[in-house]
Protein chains: 2
Amino acid sequence: MKKTKILLSEKELPRQWYNIQADMPNKPLPPLHPVTREPIGPDALSAVFPMELIKQEVSQERYIDIPDEVVDLYKMYRPSPMYRAHNLEKALGTKSRIYYKYEGGNYSGSHKANTAIAQAYYNKMEGIKRITTETGAGQWGSAMSFACNHFGLDLLVFMVRVSYDHKPGRKVMMNAYNAKVVPSPSTMTESGRKILEQDPDSPGSLGIAISEAMEIAMQDPYTKYSLGSVLNHVILHQTVIGQEALLQMEKAGDYPDVVIGCFGGGSNFSGIAFPFLREKLLNGKDIRLVTVEPASCPKLTKGKFMYDFGDSAGMTPLLPMYTLGHNFIPEKIHAGGLRYHGAGVLVSQLLKDGFIEAKAKLQRECFEAGVLFARTEGILPAPESNYAIAAALDEARKSDLAGESRVILFNLSGHGHMDISAYEKYFEGYLPDHEMTTEEVEAAIEAIELPN
Amino acid sequence: MKKTKILLSEKELPRQWYNIQADMPNKPLPPLHPVTREPIGPDALSAVFPMELIKQEVSQERYIDIPDEVVDLYKMYRPSPMYRAHNLEKALGTKSRIYYKYEGGNYSGSHKANTAIAQAYYNKMEGIKRITTETGAGQWGSAMSFACNHFGLDLLVFMVRVSYDHKPGRKVMMNAYNAKVVPSPSTMTESGRKILEQDPDSPGSLGIAISEAMEIAMQDPYTKYSLGSVLNHVILHQTVIGQEALLQMEKAGDYPDVVIGCFGGGSNFSGIAFPFLREKLLNGKDIRLVTVEPASCPKLTKGKFMYDFGDSAGMTPLLPMYTLGHNFIPEKIHAGGLRYHGAGVLVSQLLKDGFIEAKAKLQRECFEAGVLFARTEGILPAPESNYAIAAALDEARKSDLAGESRVILFNLSGHGHMDISAYEKYFEGYLPDHEMTTEEVEAAIEAIELPN
């Protein structure tokens, strides 16, 4: 019988995260102070993050040990399975071999648990009592809710309003894990009130929610802020995915020609791709690494590489990244986790240097791919993950047209059981497609306001 | 570090289902023809079921081989994990050891996939083109939708109206797997129309939905009917759970004093419990097997052991079972999968003979247990599974009061990601508790109408 599931034993669970900063040919540019424009040091972040995470943020060590307490919780659901998509391949009639790593099998339903557990742990170790954070589609908030509750930390989640309204289930799930959830923009913060004054019906954005969460965190020394993507330490924690995937491809007796991840801030893509990129950088392995973002939020494919803020109110340092502008409010697409104006610093630099590729896709095609995937492979994917599936199908079809066979690996970052209203809209035909034009992108970037 | 997850390799996936009929001290009474009251033979079922499933329904063989094609699909998600609930134990401060087998990790989110795949396969092998079925909470319908689509069968699902209205997500999920879903009672069938005439606002019941699905199936030789619980062959397929659990307990170096499953028609309970019951019957292992049903639908704890119909319209043979009457419409509790008037024949006989125990619980207490479980073990349970958790907590607390330590194993039959509205109601305090009184049960049984 054909092998469809490639599993690792608990003993094979990686004990180290991989830090790509050690191996980047061009190191990322430093974050800048928004007023002085001088590079800021780690200390500037200590108002919002615990020291251990700040150290990871700037570390140049290639490997960082995963603490035993984090490994213990990882063992609830890791190593995660990898599958050979035999049934999908058959439906496509492709000569390519398609694999996917499934990160939706854990309590939170997505890869976000990998960093949530680590972040909650480090905050707990430094005596923090309360965490604030943002969430888009709610995967990150759910992941962090359980992790904080486990380590005895209170959690306050600012949830992007359009997701809060569209996906009430995620709010209830966070409540079930003992977290408090507020729709953002809210009246709880100055940055939220400012947005609401301008637009009382603001659908919100991750950028706004980040501002709100940071504002609260800065008011109390025992409260810290936590981010679910974008930052280097978040991406570091996610590399456990790719570390496992390397072992699993070896067990499958195969090696990917291309590794694909959907793209919001960068964490699920980087998580699976960076360990493979290490093999390319250090051992000359020939491999393509492909990000897939929504055509309505095309920071990597159409945005500008520049210093910009990570949040809408300008509370973060200035970061060197591909961006559509920190005030940009993306279309209300159903892949809420991909509605972010900027890209993480590491991915931005690597894209700029030509080590990775970027693609953009319209949402209807992605849902179509997701439904084909569900009907063949069984798992109903998260709307975000559908972008990776659609790109994997492109790769397979292109190979077949060229008479070639490729080995394709993608990250199935989550399941869609809590995003079912998006599928309902898709089946009903109410899923508008919007591709952001070059003019719209230029206007968005024109509108960026930075301090002089 | 403590071992929390007990895994089996793909090679350890059981290749045989266990048929408890071989080992029952008192064989179940035969099904009867409703009019002649004579025992009916297998042929009487051939209008609605394929021959291979009918053979399994009456088989006296102890083990039945799982076909390779079914094993292939089982491998998508089996063997399923078993967990030691260290964090839950710690929160309870119990001296007992609590284990759970998790059946929610597959595409359908519940144990129902185990029989869906087998049933779709056997129908396909016998040239069937279309299947009709019922679903309550939607777990069964989702499981069957993917399985039918995989084997190229059309599927028509009659979904109990109260679940259809409360849980629109499950309908969309079935659509995603290519199935057609109709709320029941419907105007598509005579039995549905009859119910609607009497009560246009009927919330429906599994009994009604079964009648509708059977009625359609009997109109066409290429259409068969499929049931998600109750019947012997369904329970047979679910024993893969307990077969694995036996191996996993051995790997854990432990053995349960008590095995617990929530109870609707009997399939998840029997699936985990029957292989352990075999060890009791054949090898004298000392073990308790406990079913947990809703106090608002107490067929095992308060119902009557008698011949009754499996469906509301009286289309099934008369079956010897604990029942509240085939016309009984259970309260609209949120554990839709447990809203069934009768108990499977095998469980009924075994309960009558004292080999298993039955408990009933109120829903609020079960949700409370489910939330504690989510906060400690991570997984948000299906409302049905909460009944098993609540009973496991009872066992642990009782042991502690007695100064003892027990080994408790329960079946976590599914996750609750698609039942989040039930949790919302719980948190909002809108979850009424109703315990069916002895008088109400007597009145329900009094109202049973059987042909003379």
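To be clear, the structure that these remarks concern was listed above.
Residues numbered from 1 in each chain as written. Chains lettered and ligands numbered in written order. Predicted model: local features only at pLDDT ≥ 70, side-chain atom pairs only at ≥ 80, totals over all residues. Heavy atoms only, no water.

### Details of the relation of the copies chain A and chain B
Turning to step 1, where the next piece is worked out: For these two chains of identical sequence, chain A goes onto chain B by a turn of 180° and a shift of 0.0 Å along the axis, with RMSD 0.0 Å. Those values place the two copies in the arrangement expected of a two-fold rotation axis.
Turning to step 2, where the next piece is worked out: The overlap is high: 100% of the interface residues of chain A also sit at the interface in chain B, so the same surface is used on both sides. (Least-squares fit on C-alpha atoms with pLDDT ≥ 70 in both. Contact = heavy atoms within 4.5 Å.)

### A few points about the sheet that holds strand β8 (residues 180-184) of chain A
Residues and elements named next belong to chain A.
Turning to step 1, where the next piece is worked out: Spatially, β8-β7-β6-β9 is the arrangement adopted by the 4 strands of the open sheet, whose pairing is parallel. The open sheet is flanked by β8 and β9 (223-226), the only strands paired with a single partner. Adjacent strand axes in the sheet meet at a mean angle of 25° when their direction is disregarded.
Turning to step 2, where the next piece is worked out: Pairing of strand β6 (residues 130-135) with strand β7 (residues 154-160) involves 6 bridges; the strand directions are parallel. Note that in β7 the partner of Thr-135 across the bridge is Met-159.
Turning to step 3, where the next piece is worked out: In the packing of helix α5 (residues 139-150) onto the sheet, the strands contacted are β6, β7 and β9, and the crossing angle to β6 comes to about 165°. (Pairing = 2+ DSSP bridges. Helix = DSSP H or I, 4+ residues; strand = E, 2+ residues; numbered from the N terminus. Axes fitted to C-alpha atoms, helices over the stretch in contact; angles between N-to-C directions.)

### Notes on the interface of chain A and chain B
Turning to step 1, where the next piece is worked out: Listed as interface residues are 44 residues of chain A and, on the opposing side, 44 residues of chain B.
Turning to step 2, where the next piece is worked out: Contact between chain A and chain B buries roughly 3700 Å² in total, counting both sides, with carbon and sulfur atoms accounting for 57%.
Turning to step 3, where the next piece is worked out: Taken together, chain A and chain B are joined by 0 salt bridges.
Turning to step 4, where the next piece is worked out: Our enumeration of links across chain A and chain B arrives at 20 residue pairs in polar contact (both at pLDDT 80 or more).
Turning to step 5, where the next piece is worked out: Elements with a minimum of two residues in the side of chain A that touches chain B: α2 (68-74), α5, α7 (168-176), α14 (363-377) and α16 (420-428) of chain A.
Turning to step 6, where the next piece is worked out: In the side of chain A that touches chain B, the residues fall into 21 nonpolar, 11 polar and 12 charged. (Buried area = accessible area lost by both parts, 1.4 Å probe. Salt bridge = Lys/Arg side-chain N within 4 Å of Asp/Glu carboxyl O. Polar contact = N/O pair within 3.5 Å; in protein donor to acceptor, adjacent residues only side chain to side chain. Nonpolar A, V, L, I, M, F, W, Y, C, P; charged D, E, K, R; others polar.)

### Looking at the side chain of Ser-348 of chain A
Residue and element names in this part refer to chain A.
Turning to step 1, where the next piece is worked out: Structurally, the position occupied by Ser-348 is in helix α13 (residues 345-352).
Turning to step 2, where the next piece is worked out: Relative accessible area serves as the criterion here: at 0%, Ser-348 is assigned to the buried category.
Turning to step 3, where the next piece is worked out: Side-chain polar atoms of Ser-348 contact the backbone oxygen of Gly-344, separated by 2.9 Å.
Turning to step 4, where the next piece is worked out: Look past the residues within four positions of Ser-348 in its chain and what remains in contact with it is Phe-305, Pro-320, Met-321, Tyr-322 and Ala-343. (Buried < 20%, exposed > 50% of the residue type's maximum accessible area, 1.4 Å probe, protein only.)

### A few points about the packing of helix α14 (residues 363-377) of chain B against helix α16 (residues 420-428) of chain B
Residue and element names in this part refer to chain B.
Turning to step 1, where the next piece is worked out: Direction vectors running N to C along α14 and α16 enclose 105°, while the axes themselves pass 11 Å from each other. Here α14 is positioned roughly perpendicular relative to α16, judged by the angle of their axes. Contact residues: Arg-364, Phe-367, Glu-368, Val-371 and Arg-375 in α14; Ala-422, Tyr-423, Tyr-426 and Phe-427 in α16.
Turning to step 2, where the next piece is worked out: Looking at side-chain class alone, the contact of α14 with α16 contains 6 nonpolar, no polar and 3 charged residues. (Parallel < 35°, antiparallel > 145°, perpendicular 65-115°, else oblique.)

### Some points on the environment of Thr-135 of chain B
Residue and element names in this part refer to chain B.
Turning to step 1, where the next piece is worked out: Mapped onto the elements of the fold, Thr-135 is located in strand β6 (residues 130-135).
Turning to step 2, where the next piece is worked out: Separated by 315 residues in sequence, Thr-135 and Leu-450 have C-alpha atoms that sit 25 Å apart.
Turning to step 3, where the next piece is worked out: Ignoring sequence-local partners within four residues, the contact set of Thr-135 consists of Trp-140, Gly-141, Val-157, Phe-158, Met-159, Val-160, Met-174 and Leu-206.
Turning to step 4, where the next piece is worked out: Within the local environment of Thr-135, its side chain forms a polar contact with the backbone nitrogen of Gly-138, the two atoms lying 3.4 Å apart.
Turning to step 5, where the next piece is worked out: Polar side-chain contacts of Thr-135 include one of 2.9 Å to the backbone nitrogen of Gly-141.

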